[in-house]
Amino acid sequence: DKVVDIWYKFLGLVRNNAELAETFSEAQLREGIEMLEKIMQTRVKLLGDAHIATGEVKYTVGLLYLFLGERDKANTYVQA
């Protein structure tokens with residue numbers, strides 16, 4: 001839960017402070033996506049695809065993909 005919350009808050013801060021975005025490399029952001037996708041898989045397995053906690057991590061993954069400029073991938077997670 002904390003990992004998802006940290007990434008979500010980071011993305012919210014970046015939206016308001018573009019300089020903060022430069023502190024992370026693309027590799028670090030991709031690593032974040034990998035972590036979040038593992039969390040998402042666990043939540044789907046334990047809680048189900050429709051659970052709010054699963055939706056929270058999907059939305060955060062979508063925001064990260066959007067941040068990386070990958071709109072199509074972002075849409076699959078945000079609209080899921």
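Residues numbered from 1 in each chain as written. Predicted model: local features only at pLDDT ≥ 70, side-chain atom pairs only at ≥ 80, totals over all residues. Heavy atoms only, no water.

Details of the overall build of the chain
Working step 1: Looking only at helices and strands, the chain has five helices and zero strands in total.
Working step 2: Taking 2.2 N^0.38 as the reference for a compact globule, 80 residues should give roughly 12 Å; the C-alpha atoms of the chain span a radius of gyration of 12 Å, in line with that estimate.
Working step 3: Across the chain, contacts joining residues at least 24 apart in sequence account for 54% of those joining residues at least 6 apart.
Working step 4: Carbon and sulfur atoms make up 54% of the accessible area of the chain, which totals about 5,500 Å².
Working step 5: In the chain, the 10 positive side-chain charges and the 12 negative ones have mean positions that sit 5 Å from each other. (Helix = DSSP H or I, 4+ residues; strand = E, 2+ residues; numbered from the N terminus. Rg over C-alpha atoms; globule rule 2.2 N^0.38 Å. Contact = heavy atoms within 4.5 Å. Areas by Shrake-Rupley, 256 points an atom, 1.4 Å probe, with all protein chains shown as cover. Lys, Arg positive; Asp, Glu negative; His and termini not counted. Charge placed at Lys NZ, Arg CZ, Asp CG, Glu CD.)

As for the nonpolar core
Working step 1: Trp-7, Phe-10, Leu-36, Leu-64 and Tyr-65 are the most contacted members of the largest nonpolar core, which totals 16 residues.
Working step 2: Of all the secondary structure elements, the ones that give two or more residues to this core are helix H1 (2–16), helix H3 (26–47), helix H4 (52–67) and helix H5 (71–78).
Working step 3: Apart from residues no more than four positions distant in its own chain, Leu-64 is found in contact with Trp-7, Leu-11, Leu-29, Gly-32, Ile-33 and Leu-36. (Core = buried A, V, L, I, M, F, W, Y, C linked by side-chain atoms within 4.5 Å. Buried < 20%, exposed > 50% of the residue type's maximum accessible area, 1.4 Å probe, protein only.)

As for the pattern of salt bridges
Working step 1: All told, the structure shown has seven salt bridges when counted by the stated rule.
Working step 2: Lys-9 is the partner of Asp-5 in a salt bridge, and the nearest nitrogen-oxygen pair spans 3.2 Å. You can see Asp-5 and its partner Lys-9 sitting in helix H1, four residues apart, about one turn around the helix.
Working step 3: Classification of Asp-5 by relative accessible area gives partly exposed; the value is 27%.
Working step 4: The shortest N-O distance in the salt bridge between Glu-56 and Arg-43 comes to 3.2 Å. Placement of the pair is Glu-56 in helix H4 and Arg-43 in helix H3, with a sequence separation of 13 residues. (Salt bridge = Lys/Arg side-chain N within 4 Å of Asp/Glu carboxyl O.)

Let's talk about a nonpolar patch on the surface
Working step 1: The grouping of Tyr-8, Tyr-59 and Val-78 at the surface amounts to a nonpolar patch, some 270 Å² of accessible area in total.
Working step 2: Checked against the element boundaries, Tyr-8 lands in helix H1.
Working step 3: According to the relative accessible area criterion, Tyr-8 is partly exposed, its value standing at 42%. (Patch = residues over 30% accessible without salt bridge, like charges linked within 9 Å, V, L, I, M, F, W, Y side chains within 5 Å.)

All we've got here are geometric facts, nothing functional implied.
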